[in-house]
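One-letter residues, chain by chain:
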Amino acid sequence: GKGRVVLGVQDSKLGGEIQSRFKEVKVEAGAKVAEVVRGIRAHFEKFVDALREGDLEKAQLGLAHSYSRSKVKFNVHKSDNMVIQAIALLDQLDKDVNTFAMRVREWYSWHFPELYKIVPDNVAYSRLVSVIRSKSSLLPSNVAKPDPAEDDAQRARIADVVKDPQIARDVVDAARSSMGADIGEIDLINIHLFATRVVKLAEFRANLQVYLHTKMSTVAPNLGALLGDTIGARLIAHAGSLTNLAKYPASTVQILGAEKALFRALKTKGKTPKYGLLFHSTYIGRAKAKNKGRISRYLANKCSIASRVDCFADGSEGVDVFGVKLREQMEERLRFYESGATPRKNIDVMVEAGKLAEVRERELGGEEEEVEVKTPKKDKKDKKKGEEKTPKAKSEKKSKKRGAEDEGEKSAKKAKSTEKKKKSKA
């Protein structure tokens, strides 16, 4: 009979919904049903004759592959990933270029130690090493009677690298009185190859910085305008994506990058950190010690606004108006802490930024689309307003209202007269 049949549902919420819709069906959802479903899943091949051994595993593997492929192919964070990888490579290149440049300095100092202090820049030093090679190339061909034209040519060759005639003169003079040891030709070739590799790495790092700037101006233009490309990209990389960063509250953005210090402070009941990655921004460095916490909190608020505009605003791609206005607010807040000059209200700045953003979007070519979409709506509204404002329509409405009121009064009078007649008869 119907009472003996029980429908087992693994999801308890779905079971409750079925029970409420179909009263005559008895539904059960619990540990027993979960165990039965587990047994069916384990021995599914025995229940279906068409299934052979291994077909289910192949189907599961194919589903997993197609799901992973779709996740990678239709990833909404494609541009964010490019920014994350670029900033990670940029930070790694900074460390590597510095390490390699120091190795070039240490290696070449055995041959020309005076050059170490004359040229402080690492990349310029590596370029100079690849140009000079042996310090004997800077010596005059005739030591007894040096040729001034030859000296000028050598100084000009070095000045092309260091961009400073005084440094070029010092390098040539130091080479002629250097106390460094002589090095074999093979050793000089290896030093030269290593120095050119360091120069190429430095050039690649400069190109990568330009690439990061173009990506940030597309992905997060307002955040880049407020903080700079490098710090904005670090925030996105630390959060995992721009969407995750936009979902964070300002308090989380403020201490992003200082998680260890935060948990240590919570564990030892000490003071919590005031800033994380935001410490590298120029605003906190320019503020006084007593205002650093306040300005970092204010900056975190502005970063949160900028990231949300970049992530969720329609048509904001490449428009950095809000970021520029938020940067102006940061400057005003710094002046307020220093001199007490009252900054503008946030609502006024945002309204101004909204108007400028509309103008910028129109300049980028969005004006025609907006006009095409909005014109029919405006025509309908104008027609409605025109119909309502015509005097004939108004007079017709008034006459209808009066007629309805007169009919109501007449019916009320008739009802009263019939009641009086009934009372008089009684």
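Residues numbered from 1 in each chain as written. Predicted model: local features only at pLDDT ≥ 70, side-chain atom pairs only at ≥ 80, totals over all residues. Heavy atoms only, no water.

**Q** Even after reading the chapter, I still don't get the overall build of the chain, so can you show me in this structure?
**A** Across its full length, the chain holds 20 helices and two strands. Of all 426 residues assigned to the chain, the portion counted as buried reaches 30%. Look at the contacts in the chain between residues 6 or more apart in sequence, and 58% of them connect residues 24 or more apart. Summed over all atoms, the accessible surface of the chain reaches about 28,800 Å², with 56% contributed by carbon and sulfur. (Helix = DSSP H or I, 4+ residues; strand = E, 2+ residues; numbered from the N terminus. Buried < 20%, exposed > 50% of the residue type's maximum accessible area, 1.4 Å probe, protein only. Contact = heavy atoms within 4.5 Å. Areas by Shrake-Rupley, 256 points an atom, 1.4 Å probe, with all protein chains shown as cover.)

**Q** So what exactly am I meant to see when it comes to the nonpolar core here?
**A** What tends to happen in soluble globular proteins is that the nonpolar side chains get buried as a cluster. Residues Leu226, Leu227 and Leu299 are the most contacted members of the largest nonpolar core, which totals 47 residues. With residues up to four places along the chain from it excluded, the contact list for leucine 226 reads Tyr283, Leu299, Lys302, Cys303, Ala306, Gly323, Leu326, Arg327 and Met330. (Core = buried A, V, L, I, M, F, W, Y, C linked by side-chain atoms within 4.5 Å.)

**Q** Sorry, what's going on with the packing of aromatic side chains here?
**A** Going through the model one piece at a time under the given rule, you end up with five aromatic pairs. Put simply, the rings of Phe100, Trp107 and Phe194 touch in pairs and so form one group of aromatic residues. Of note, arginine 105 hangs over the ring of tyrosine 116, and the distance from its end group to the ring centre comes to 4.9 Å. When the ring centre of tyrosine 125 is taken as origin, the NZ or CZ atom of arginine 105, which lies over that ring, is 4.5 Å away. (Phe/Tyr/Trp six-rings, centres within 6.5 Å; stacked < 30°, edge-to-face > 60°. Lys NZ or Arg CZ within 6 Å of the ring centre and 35° of its normal.)

**Q** Could you clarify how one ought to interpret unusual backbone geometry in this entry?
**A** Excluding glycine, most residues fall at negative phi; most peptide bonds, likewise, are trans. In this model, lysine 163 sits at a positive phi of 60 degrees, which is unusual for a non-glycine residue. Of note, lysine 163 is situated in the loop between α8 (148-162) and α9 (165-176). Judged by relative accessible area, which is 68%, lysine 163 ranks as exposed.

**Q** Would you explain the packing of α8 against α9 in this entry?
**A** To describe two helices that pack against each other, one gives the angle between their axes and the distance between the axes. The contact between α8 and α9 brings their axes to 8 Å, and the two run at 120 degrees. Comparing the axis directions of α8 and α9 gives the class oblique. By crossing handedness, the relation of α8 to α9 is classed as right-handed. In this structure, α8 contributes Asp151, Gln154, Arg155, Ile158, Ala159 and Val162 to the contact, and α9 contributes Ile167, Ala168, Arg169, Val171, Val172, Asp173 and Arg176. Here the contact of α8 with α9 is built from residues that sort into seven nonpolar, one polar and five charged. (Axes fitted to C-alpha atoms, helices over the stretch in contact; angles between N-to-C directions. Parallel < 35°, antiparallel > 145°, perpendicular 65-115°, else oblique. Left-handed = near helix turned anticlockwise from the far one by under 90°. Nonpolar A, V, L, I, M, F, W, Y, C, P; charged D, E, K, R; others polar.)

**Q** Which parts of the structure should I look at to understand helix α18 (residues 321-339)?
**A** Side chains of residues three or four places apart in an α-helix project in the same direction, reflecting 3.6 residues per turn. In a regular helix each residue adds 1.5 Å, so 19 residues correspond to 27 Å; α18 covers 27 Å between its end C-alpha atoms and thus fits that length. Turning to α18, its buried residues are Val321, Phe322, Gly323, Lys325, Leu326, Gln329, Met330, Glu332, Leu334 and Tyr337. (Expected span 1.5 Å × (residues − 1).)

**Q** Explain the environment of glycine 257 to me, please; I cannot follow it from the model alone.
**A** On the secondary structure map, glycine 257 appears in the loop between α14 (250-254) and α15 (259-268). In this structure, the C-alpha to C-alpha distance between glycine 257 and histidine 238, residues 19 residues apart in sequence, is 7.2 Å. Those residues in contact with glycine 257 that sit more than four places away from it in its chain are His238, Gly276 and Leu277.

**Q** So what exactly am I meant to see when it comes to the pattern of salt bridges here?
**A** Close approach of charged atoms lets side chains of opposite charge pair. Inspection of every chain in the model, using the stated rule, returns 14 salt bridges. We note a salt bridge from glutamate 106 to arginine 103, for which the minimum N-O separation is 3.2 Å. Of this pair, glutamate 106 and arginine 103 are both found in helix α5 (residues 78-108), three residues apart, which corresponds to roughly one turn of the helix. For glutamate 106, a relative accessible area of 48% gives the class partly exposed. Between arginine 344 and glutamate 328 there is a salt bridge, with its nearest N and O atoms 3.1 Å apart. Taken together, the positions of arginine 344 in the loop between α18 and α19 (346-389) and glutamate 328 in helix α18 put the pair 16 residues apart, joining distant regions of the chain. (Salt bridge = Lys/Arg side-chain N within 4 Å of Asp/Glu carboxyl O.)

**Q** Just checking my understanding: could you explain the side chain of aspartate 80 for this structure?
**A** Position of aspartate 80 relative to the elements: it lies in helix α5. Of the side chains with opposite charge, lysine 215 lies nearest to the buried aspartate 80, which makes no salt bridge, at 9.0 Å. For aspartate 80, the contacting residues outside a window of four places in its chain are Val219, Ser241, Leu242 and Thr243. (Lys, Arg positive; Asp, Glu negative; His and termini not counted.)

**Q** Would you mind going over the packing of helix α7 (residues 122-132) against α8 with me for this structure?
**A** Contact geometry for α7 and α8: axes closest at 9 Å, N-to-C directions at 150 degrees. For the element pair α7 / α8, the angle class is roughly antiparallel. Crossing hand, α7 versus α8: right-handed. Contacts between α7 and α8 involve Ala124, Arg127, Leu128 and Val131 from the former and Arg157, Ile158, Val161 and Val162 from the latter.

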